[in-house]
Amino acid sequence: MLIGIVSLIFVASVTQPLTALTGAAVVGPVLLILAPVPLISNFGQVSEAILRRELRYSGLAIRNVLATIMGAIAAIAFAAGGYGVYALAVQKLVFTIVYTCTILIAQPWKPSWVFVIVESRRLVSTGLNVTISNTLQLANGRIVDLNIGAFLGVVSLGITRVAWRFYDFCLQLVIAPLSSVSYTLFTDAAASDEDLRRIYLQYSEFIVGIAAPIFIGLSIVSHDAIVLLAGAKWEKSALVLSMLSLTVFASCINLLFTPVMIAKARTRLIRQQAIWQALSNATLTFGAAQFDIVSVVVVYILRVYAFAVYNLILLSRVLELPVRVLMIRLLPIFVGTAGLASIGLCVRSLLIGHGELLRLCTVAATGGVTYIFILLASDGLGLSRGLTTGYFTMAQALLRRRRGNR
């Protein structure tokens, strides 16, 4: 709660300087609307953590959907009333209020009045590192927005944000749920180095195997997806979305970095990495924003992959697991994704001139079949050590654990 109060005061205090810096009068009021969001959100953090610990993700998903719908309704109402950009800020505020209230109803929790010195020291040390890391990760996206808006204009910012919304939606839909479950799995396995290495390999294989075909496929059909779902007026966002989708492999590695380091009690590395990411992001984005959107996205992709390599090396050292072992495990997935991309590009080129929906569905179907065929073939030839059967085994283990927690 203290963090939430400090965040509220800080955001409120910078409204005037940022308004003067950007020259946009709406910046101050929008920030004031968003200022209470961290404080409200923090009311439900412990309750949400309990639900995640018990793998009660269906309840979390339902509440997320409900909060999203309520936020969307509020945003539509404000937009229809002529409030423009304020509708987006209200959407976030309403979402946070609804989500927090429903979480507290699902899992009531209140702190006891017993204060444990030893535990508080450990919690403050670990929590501070993770909080700094999470805050800087969130700031990275805003750094990009700020530079694009300031140097390339609001039209360029709009084009970029539409693409980023699609990309973030897919991340939250595909990768984030798998990553959040990993916190529990890695922490439970932390007592045994061998178990931690085994789960890390299995989970890396699992998350890359699911995310890679989806995002590489999205890169191929980005234009069709943008035009179909957002309209032809946003088709310039397609190139940005296509490029962002190519960061899938780096994103998978980076998302697993934090849960592993928390499990190994190496949160200092999380903080250091986040600081370096923020500094490099601010510097490189500032330089790229002097040119065009493509330069900003290229710099972003290069930075993400550079830190993925850095994180991979750190993971290798902490887990005492050579990088080549992971690469060998992921090789069939790389081959399958390459096959998907080749077929997808060929099919799409053959359907030029047809409707977006037909192209999107056909490319998705043929690419998906190709990907699955390659994985099954690699299993049949003994090249992937039971990759496809491993997916079913892991899914069954998660389901059994969830039923046990009930």
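Residues numbered from 1 in each chain as written. Predicted model: local features only at pLDDT ≥ 70, side-chain atom pairs only at ≥ 80, totals over all residues. Heavy atoms only, no water.

Caption draft 1: Seen up close, the environment of Phe 169. Within the secondary structure, Phe 169 sits in helix α9 (residues 154-189). For the pair Phe 169 and Thr 187, spaced 18 residues apart in sequence, the C-alpha to C-alpha distance is 27 Å. (Helix = DSSP H or I, 4+ residues; strand = E, 2+ residues; numbered from the N terminus.)

Caption draft 2: Highlighting the packing of aromatic side chains. Counted by the stated rule, this structure contains nine aromatic pairs. Arranged with centres 5.0 Å apart and planes meeting at 75°, the rings of Trp 164 and Tyr 300 form a pair that is edge-to-face. Note that Trp 164 is positioned in helix α9 and Tyr 300 in helix α15 (residues 293-319), a separation of 136 residues in sequence. Consider the rings of Phe 307 and Tyr 310, whose centres lie 6.3 Å apart with planes at 90°: the pair is edge-to-face. Of the two residues, Phe 307 and Tyr 310 both sit in helix α15, three residues apart, roughly one turn of that helix. A relative accessible area of 34% means that Tyr 310 is categorised as partly exposed. Ring pairs connect the aromatic residues Phe 186, Tyr 203 and Phe 206, which therefore count as one cluster. (Phe/Tyr/Trp six-rings, centres within 6.5 Å; stacked < 30°, edge-to-face > 60°. Buried < 20%, exposed > 50% of the residue type's maximum accessible area, 1.4 Å probe, protein only.)

Caption draft 3: Local environment of the nonpolar core. Grouped together as the largest cluster of nonpolar side chains are 84 residues, with contacts concentrated most on Tyr 167, Ile 175, Phe 186, Tyr 200, Phe 215 and Met 261. At 15 residues, α9 tops the list of elements feeding residues into this core. If we ignore the near neighbours within four places in the chain, the residues touching Phe 186 are Leu 196, Ile 199, Tyr 200, Tyr 203, Leu 256, Pro 259, Val 260 and Ala 263. (Core = buried A, V, L, I, M, F, W, Y, C linked by side-chain atoms within 4.5 Å. Contact = heavy atoms within 4.5 Å.)

Caption draft 4: Up close: the pattern of salt bridges. Within this structure, the stated rule accounts for nine salt bridges. Look at the salt bridges and you will find they share partners, linking Arg 142, Asp 145 and Arg 161 into a network. (Salt bridge = Lys/Arg side-chain N within 4 Å of Asp/Glu carboxyl O.)

Caption draft 5: Looking closely at unusual backbone geometry. In this structure, Ala 265 is a non-glycine residue whose phi angle is positive, near 55°. Considering the arrangement of structural elements, one finds Ala 265 in the loop between α13 (248-263) and α14 (267-288).

Caption draft 6: Focus on the state of the cysteines. Applying the stated criterion across every chain, the model contains zero disulfides. Free cysteine: Cys 170, not disulfide-bonded; nearest cysteine sulfur from Cys 252 at 13 Å. Residue class for Cys 170 comes out buried when judged on its relative accessible area of 14%. The thiol of Cys 346 is not disulfide-bonded; the next cysteine sulfur, from Cys 361, is found 19 Å away. (Disulfide = S-S within 2.5 Å.)

Caption draft 7: Representation of the packing of helix α10 (residues 193-220) against α15 within the structure. The interhelical angle for the contact between α10 and α15, taken along N-to-C directions, is 150°, at an axis separation of 10 Å. When the axes of α10 and α15 are compared, the pair comes out roughly antiparallel. Residues Leu 196, Arg 197 and Tyr 200 of α10 pack against Leu 312, Leu 315 and Leu 319 of α15. (Axes fitted to C-alpha atoms, helices over the stretch in contact; angles between N-to-C directions. Parallel < 35°, antiparallel > 145°, perpendicular 65-115°, else oblique.)

By themselves, these figures tell us nothing about what the structure is for.
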